[in-house]
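The primary structure of each chain is shown beneath.
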Amino acid sequence: MLNKSIGFIGGGRITRIFIERMIKTDKLPPKVIVSDTNDAVLSELKQKFPVIEKGNNIDAAGQELVIVSLHPPVFADVMREVKEFIKKDSLLLSLAPKITIAKISEMLNGFDRIIRMNPNSPSIIGEGFNPVVFAEGISSKTKNEMKDLFAVFGNSPEVKESLLETYAVITAMGPTYLQFQFEKISEMAVSFGISGEEVKNTISKMVEGAVQLWANSNYSFEEVYNMVPVKPMLQDEETIKNIYNTRLNEINNKLKS
Ligand SMILES: NC(=O)c1ccc[n+]([C@@H]2O[C@H](COP(=O)([O-])OP(=O)(O)OC[C@H]3O[C@@H](n4cnc5c(N)ncnc54)[C@H](OP(=O)(O)O)[C@@H]3O)[C@@H](O)[C@H]2O)c1
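What you see is a predicted model; the values in this text were computed from it and never measured.

Novice: How should I be thinking about the overall build of the protein chain in this particular structure?
Specialist: Per the secondary structure count, the protein chain includes eleven helices and nine strands. Projected onto its principal axes, the C-alpha positions of the protein chain cover 65 × 40 × 35 Å. Taking the contacts inside the protein chain whose residues are at least 6 apart along the sequence as the reference set, 67% of them involve residues at least 24 apart.

See the structure below:
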């Protein structure tokens, strides 16, 4: 399985992440076709990864593993366009939120070799958290083969399908809640005298330590929090928590509507 071909329908951000990681880990099958309506995106991808072939949606749909990297509004139209061209033994991996396995199967006249995943960007360095759901009929042998492939991107726990949109809010978008803060703290550190070479190591070690203390120690949140007496951000914490309330509820409601 998966020693022959992958077709990506949609050649945007997450496709680039997957291809880059598969190339780095030598897991790219010999034939990879990518389709995208935006020719500039496709040409840029081809320039970065000459090993891939540019194709149309139908070419991509004819491969052994078909990875659908499209946003929900265009999903149904594309499924209509390609449904006759998906081979019965192929697998279709959808990265789109909101569209269930049952709905995809209906769009594809009952084709049921369907997997859904909600990946995140650290997959590009093999540190992703990528919850996955397999359609009921997929054999454990196939599941294991797919899990072997997914392992190059990071963790892929099997989750309930009803939770995939929640993971989209928490783990797929999660890096964007934090990374700008790492960048800002780094900028401040440099302005206070830490060298440019040291700053990423300094901030990442601090963040890793804080995460381990919060997640993997026996101390309660209050104990962890009170280990530091001076909290320069204290008077802003409510504001920041309220921003989380507003923004995460907004996106959660949108994904679940
Ligand atoms: N990026 C992530 O970290 C991430 C994480 C989890 C899940 N996802 C999911 O993965 C899917 C793709 O996300 P993305 O971040 O890769 O989006 P993206 O960067 O916008 O890529 C999607 C690509 O598909 C193209 N496209 C639009 N209509 C098409 C059609 N009919 N046929 C072929 N290609 C078409 C788009 O072109 P235009 O721009 O011209 O429309 C765009 O280049 C989404 O459902 C997203 O929710 C992404």
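Novice: What should I look at first to understand the sheet that holds strand 2 (residues 31-35) in this one?
Specialist: What holds strands together in a sheet is hydrogen bonding between their backbones, with the strands either parallel or antiparallel. Overall, mixed pairing links the seven strands, which are arranged 3-2-1-4-5-6-8 in an open sheet. Either end of the sheet is taken by a strand with one partner, and the two such strands are strand 3 (53-55) and strand 8 (132-134). The mean inter-strand angle of the sheet, taken between neighbouring strand axes irrespective of direction, is 20°. Relative to strand 5 (residues 91-94), strand 4 (residues 65-68) runs parallel, the two being bridged by four bridges. Paired with Val68 across the strands is Ser94, a residue of strand 5.

Novice: Help me understand the packing of helix 7 (residues 164-172) against helix 11 (residues 237-256), please; the structure alone is not making it clear to me.
Specialist: Two packed helices can be described by the angle between their axes and the distance between those axes. Closest axis-to-axis distance for the helix 7/helix 11 pair is 9 Å, and the angle between their directions is 150°. Taken as axis vectors, helix 7 and helix 11 run roughly antiparallel relative to one another. Seen along the crossing, helix 7 lies across helix 11 with a hand that is right-handed. In contact with Glu165, Ala168 and Val169 of helix 7, helix 11 contributes Leu248, Ile251, Asn252, Leu255 and Lys256.

Novice: Mind showing me how you'd approach the site of the ligand here?
Specialist: If you check the shell around the ligand, you find 26 residues, and the closest are Gly10, Gly12, Arg13, Asn38 and Ala96. Listed by contribution, the elements that provide at least two residues to the shell around the ligand are helix 1 (13-24) and helix 4 (72-82). Each residue belonging to the shell around the ligand can be placed in one class, and the counts come to eleven nonpolar, 13 polar and two charged.

Novice: Where do I start with the nonpolar core in this structure?
Specialist: In globular proteins that are soluble, nonpolar side chains generally tend to be buried together. Membership of the largest hydrophobic core comes to 45 residues, with the highest contact counts inside it found for Val66, Ile67, Val68, Leu93 and Ile115. The greatest single-element share of this core, amounting to five residues, is contributed by helix 7. Contact partners of Leu93, with chain neighbours within four places excluded, come to Leu65, Ile67, Val68, Ile115 and Met117.

Novice: How do you make sense of the environment of Arg247 when you look at a structure like this?
Specialist: The residue Arg247 is located in helix 11 in this model. For Arg247, a count of 13 C-beta atoms within 10 Å corresponds to the partly exposed category. Along the sequence, Arg247 and Gly154 sit 93 residues apart, while their C-alpha atoms lie 27 Å from each other.

Novice: What is the right way to look at the pairing of strand 2 in this model?
Specialist: In regular strands, side chains alternate between the two faces of the sheet. Burial analysis of strand 2 places four of its five residues in the buried class, which makes it a mostly covered element. As defined by bridge partners, strand 1 (residues 5-9) adjoins strand 2 across five bridges and the pair is classed as parallel. Paired with Ile6 across the strands is Val32, a residue of strand 2. You can see the chain leave strand 1, run along helix 1 and come back into strand 2, and the turn it takes is right-handed. The pairing of strand 2 with strand 3 spans three bridges and is parallel.

Novice: Help me understand the domain arrangement of the protein chain, please; the structure alone is not making it clear to me.
Specialist: Where interface size is quoted, it is often the accessible area lost as the parts come together. Split into domains, the protein chain comes out as domain 1 (5-160) and domain 2 (174-256). Here the C-alpha centroids of domain 1 and domain 2 sit 32 Å apart.

Novice: Please clarify how the packing of helix 8 (residues 174-191) against helix 9 (residues 196-215) should be interpreted in this entry.
Specialist: Put simply, helix 8 and helix 9 touch, their axes get as near as 10 Å, and they point 130° apart. Considering their axes alone, helix 8 and helix 9 lie oblique with respect to each other. For the crossing formed where helix 8 meets helix 9, the hand is right-handed. Residue-level inspection shows Phe182, Ile185, Ser186, Ala189 and Val190 of helix 8 in contact with helix 9, the latter providing Gly196, Val199, Lys200, Thr202, Ile203 and Val207. Across the contact of helix 8 with helix 9, the residue classes tally to seven nonpolar, three polar and one charged.

Scoring rules and cut-offs
Residues numbered from 1 in each chain as written. Predicted model: local features only at pLDDT ≥ 70, side-chain atom pairs only at ≥ 80, totals over all residues. Helix = DSSP H or I, 4+ residues; strand = E, 2+ residues; numbered from the N terminus. Contact = placed C-beta atoms within 7 Å. Pairing = 2+ DSSP bridges. Axes fitted to C-alpha atoms, helices over the stretch in contact; angles between N-to-C directions. Parallel < 35°, antiparallel > 145°, perpendicular 65-115°, else oblique. Left-handed = near helix turned anticlockwise from the far one by under 90°. Near = placed C-beta within 6 Å. Nonpolar A, V, L, I, M, F, W, Y, C, P; charged D, E, K, R; others polar. Core = buried A, V, L, I, M, F, W, Y, C linked by C-beta atoms within 7 Å. Buried ≥ 20, exposed ≤ 12 C-beta atoms within 10 Å, placed from the backbone. Right-handed = clockwise from strand over helix to strand, strands pointing away. Domains from an automatic or database assignment.

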